[in-house]
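# A structural walkthrough
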Amino acid sequence: GRNVTGGAIVIQTRDPVFDKWGATAEVTAGNLGDLQYNALFNAPLTDIAAFNVSASVQRRDGYGEDRLTGAKEDDINSQNFRSKFLLTPTDTLSILLSADHSYDFNGDRTLSSTSVGDDGDPRTSELGVDQHFSRVLAGVSAKMVWQAPVGEVTSISAYRSTRSSELYSSVGASYVFLTSGSQSIVSDDDQVRTFTEELRYASPRWDWGDFVSGFYYVNESGHRELGTQGLAAKTGVRASSTVADEFVRTISNAGFADGTIHIIPDKFDFSAGVRYTVDQKTA
């Protein structure tokens, strides 16, 4: 399909199961205060309904430190949760609902000076800035599969939102060490919302061949506020300040089909595919 010329990697998270209750848990510990907790719980509600919930939490101290402020950098604080509900009202219909939420934050990167202010340790920075990074990701989806008498019909609807905020120094030394110019401080706030819908039909595997066809729709909007300010050498007085307010929306519609004909069964096949896409971008 589109954008997978070199192939695709598909990650399938674990679906609920009907036959048994179950739970798994894992704890991992490491140096620098590293602690990771992973857990999964599965509950069969009835013969046709089941759900599971999973969680992953990690904490780790920073690899780096700003020696001017004492703030830790390159640390990890991460929380991830996912829940799935599976319903099979008939032998030919399955409905899978999924929701997930992730939150992580840290003291951003260790940008260590190699010139003015350098203490010779690449794991320390000389920024003097209260750097931070935070991100929230959340999404919901609904997948319905109908095993029709004439093939398999699949519908996948999904919505995802991503919000991130970052404040960092793009210059590797604090203004107190600079003799000229300024220290550039960047604030970057982003929000992306995406809705997708895929409707797909897969034919039975006939002796002479098979095919898949469908429709794909995506509506995505992204908003970004990118601020930059310069702190003058020695004094730290704000020498410049700019804010860029950016927005882009993408709407894409596509129809596709792909099939294989067994010209000589088990020896010679002919495959062909077609896709027609209409993209509209506003920025």
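Located above this text is the structure these notes cover.
Residues numbered from 1 in each chain as written. Predicted model: local features only at pLDDT ≥ 70, side-chain atom pairs only at ≥ 80, totals over all residues. Heavy atoms only, no water.

### Quick notes on the overall build of the chain
Definition in use: In DSSP terms, a helix is any run of H or I states spanning at least four residues, a strand is any run of E spanning at least two, and both are numbered starting from the N terminus. Think of it in three bands: with a 1.4 Å probe and only protein chains considered, a residue is buried below 20% of the maximum accessible area for its type, exposed above 50%, and partly exposed in between. A contact between two residues is defined here by any heavy atoms of the two lying within 4.5 Å. We get accessible surface area from the Shrake-Rupley algorithm with a probe of 1.4 Å; when it comes to residues, only the shown protein chains can shield them. Only four residue types enter the tally: Lys and Arg on the positive side, Asp and Glu on the negative side, with His and both chain ends excluded. Note that the charge is assigned to NZ on lysines, CZ on arginines, CG on aspartates and CD on glutamates.
Helix and strand content of the chain: 0 helices and 14 strands. Counting from the amino terminus, helix and strand elements in the chain follow one another as β-β-β-β-β-β-β-β-β-β-β-β-β-β. The principal-axis extent of the C-alpha atoms belonging to the chain is close to 80 × 45 × 35 Å. Taking all 283 residues of the chain together, the buried fraction comes to 29%. Taking the contacts inside the chain whose residues are at least 6 apart along the sequence as the reference set, 61% of them involve residues at least 24 apart. In the form shown here, the chain has an accessible surface area of approximately 17000 Å², with 56% of it arising from carbon and sulfur atoms. The averaged location of the 37 negative side-chain charges in the chain is 1 Å from the averaged location of its 25 positive side-chain charges.

### Considering a nonpolar patch on the surface
Operational definition: Each patch is built from residues lacking any salt bridge and having more than 30% relative accessible area; the joining distance is 9 Å for like charges and 5 Å for nonpolar side chains (Val, Leu, Ile, Met, Phe, Trp, Tyr). Salt bridges are defined as contacts in which a side-chain nitrogen from Lys or Arg sits within 4 Å of a carboxyl oxygen from Asp or Glu.
There is a patch of nonpolar side chains on the surface, built from W206, W208, F211, I261, I263, I264, F268 and F270 and spanning about 780 Å² of accessible area. Listing elements by their share of the nonpolar patch, those giving two or more residues are strand 13 (238-264) and strand 14 (268-282). For the nonpolar patch, the element with the most residues is strand 13, which contributes 3 residues. Looking at the secondary structure, you find I264 in strand 13. For I264, a relative accessible area of 43% gives the class partly exposed.

### Side note on the environment of E126
To keep things clear, this is the line we draw: Any pair of nitrogen or oxygen atoms within 3.5 Å is treated as a polar contact; in protein, a donor-acceptor pairing is required on top of that, and neighbouring residues in sequence qualify only through side-chain atoms on both sides.
Examined against the element boundaries, E126 turns out to sit in the loop between strand 8 (124-125) and strand 9 (132-148). Between the C-alpha atom of E126 and that of D66, which follows or precedes it by 60 residues, the distance is 5.8 Å. Only 3.2 Å separates the side chain of E126 from the side chain of R67, close enough to count as a polar contact.

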